[in-house]
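# Reading the structure
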Amino acid sequence: MSSERNAATSPTDNAPVPDAAAVRRHPTLFRAARRRQNPRLRRSDVTVTDERAVKRAVKAASLGNAMEWFDFGVYAYLAGTIGRVFFPSGNETAQLLSSFATFAVAFLVRPLGGLVFGPMGDKVGRKKVLALTMILMAVGTAAIGMLPTYAAVGFWSPLLLIVFRLLQGFSTGGEYGGASTFIAEYAPDKRRGFFGSFLELGTLAGYTGAAGLVTALTAWLGTDTMDAWGWRIPFLVAGPLGLIGIYLRLKLDDTPAYLKLEKGNVHAAEAADPVETTARGDLAKIFRKHWRTLVLCIALVGAYNITDYMLLSYMPTYLSGELHYTETHGLLILVTTMVVLMLVINQVGRLSDRFGRKPLLMTGMLGFFVLSSPAFLLVQQGGLLAVSAGMLMLGLSLVCLLGTMSAALPAMFPTPVRYGSLSVGYNLSASLFGGTTPLVVTALIGATGSDMMPAYYSMAAALVGVVAVACMKETARQPLEGSPPSVQTEEEAAELVQEQAPTPRF
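Residues numbered from 1 in each chain as written. Predicted model: local features only at pLDDT ≥ 70, side-chain atom pairs only at ≥ 80, totals over all residues. Heavy atoms only, no water.

### Observations regarding empty space enclosed by the protein
Per the stated rule, a full pass over the model turns up six cavities of 30 Å³ or more. Taken as a whole, the largest cavity spans an internal volume of roughly 80 Å³. Contributing to the lining of the largest cavity are 13 residues, with Glu185, Ala257, Ser483, Pro484 and Ser486 lying nearest its centre. Of all the elements in the fold, those that place two or more residues in the lining of the largest cavity are α11 (175–186) and α14 (256–263). With three residues, α14 is the largest single contributor of residues to the lining of the largest cavity. (1 Å grid on protein atoms, 1.4 Å probe; cavity = no way out; pocket = protein on both sides within 12 Å on 5 of 7 lines; lining within 4 Å. Points joined across faces, edges and corners; volume = space filled by probe spheres on them. Helix = DSSP H or I, 4+ residues; strand = E, 2+ residues; numbered from the N terminus.)

### Some points on the environment of Leu283
Assignment of secondary structure puts Leu283 in helix α17 (residues 283–289). When the C-alpha positions of Leu283 and Gly420 are compared, they lie 7.7 Å apart, and in sequence the two are 137 residues distant. Look past the residues within four positions of Leu283 in its chain and what remains in contact with it is Leu115, Pro119 and Val424. (Contact = heavy atoms within 4.5 Å.)

### Notes on the packing of aromatic side chains
A full pass over the atoms with the stated rule returns nine aromatic pairs. Ring geometry for Phe86 against Trp231: centres 5.4 Å apart, planes inclined by 75°, an arrangement best described as edge-to-face. Note that Phe86 is positioned in helix α5 (residues 79–86) and Trp231 in the loop between α12 (192–230) and α13 (232–250), a separation of 145 residues in sequence. Trp231 gets classed as buried once you look at its relative accessible area, which sits at 0%. With a centroid separation of 5.1 Å and 55° between ring planes, the pair formed by Phe117 and Phe170 is classed as tilted. (Phe/Tyr/Trp six-rings, centres within 6.5 Å; stacked < 30°, edge-to-face > 60°. Buried < 20%, exposed > 50% of the residue type's maximum accessible area, 1.4 Å probe, protein only.)

Shown next as structure tokens:
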């Protein structure tokens, strides 16, 4: 545990290295200087987590995240219907591209949302900003459900759709960085992976709920009725769900790490790095002081997002548009795959706590690199067994990333700028690579005529991810940078302090 303490309070990487001869001449002076830079751990520094508070925080962040991604998933799974309702054309490919272009538009403003909400979360607190993003997403999604169609108002219909998609994307810019930060700062160091995995469990639950509702409505109402008015129902459901998410988030206190930072109690970390104490909410300093970590975050998230949206958003359209499955058939297979992932994702989080973040992330990236081509070949064979096997191969690779990423990413940045840095890095990458995935793959298939383009695109992304994982630091079971250690019991806290006490000399 001593290395964990050092990780939390080490001096800056730019600190000057003292001359060895000077250290030998003045050992007492340099020992005093080291003690001032890295004071011994005190009991008041250690955060002892409240198990019930941690579970409430995880529930609020995860359920809110599920509702956010339910809203986002509804649009992805109704892409074909949206194309027919808002972008009438004689060409089905043109309709689909227009629908996916509107899907991608929401991602273009996600970095802007990250730039606004991220630093705001570092200034005014995680809880308030997460409640605000929930409100905006619920308003944007419900508004789409009430829009007039192209047949009713012509050009204004797709224009209004784009406006509310922009509102959805703007609000989402503050969601993932805030929710993952919220859970990471509440969780004890040794179980951050397990608790963090619930965030992506919420993502899968949101996608599953969206896919399940769209599938049930399509099977019940039929394509013609869905095009006429049935498509509105999933969007209108978002309003009441949003109110539940807002209520859950506003009931919580802010994270212990943020509250300690706000009260100025993290004396060791602040003394160690004065840059962090002046960088709160300062975007210029985020880019100037943390640009290397931002680049690594962008590469890691880019690989993760491409593979994520390839499977969870694009695959139903691939099955129906390229392989001529019915829309209901493709969604049912995806729902089954996501349910399997939901059953194992928390165990992946536990494994990341035990063996480390890097081994699990590397397994997922290598899985996509090696298995993408065989998986898509299986899917193209047709038949329930072959398609399900191909989807499951991709799904098990993805769950290694899903169950680990929400604990790995927040640990890359120090506490005073964590929300802002992660929101900027995550959303910039998601904008460039995640939301554009369906559009890019559809265009590549149209240009090349090859149904294997999704596999090749996933493999290229995974290769970038392998390099990014190799370059990142291992952070499992260690305190968050800029925060004191966080443990589950008073006994652990006492043991940790005792380990830091000086050895008596006689």
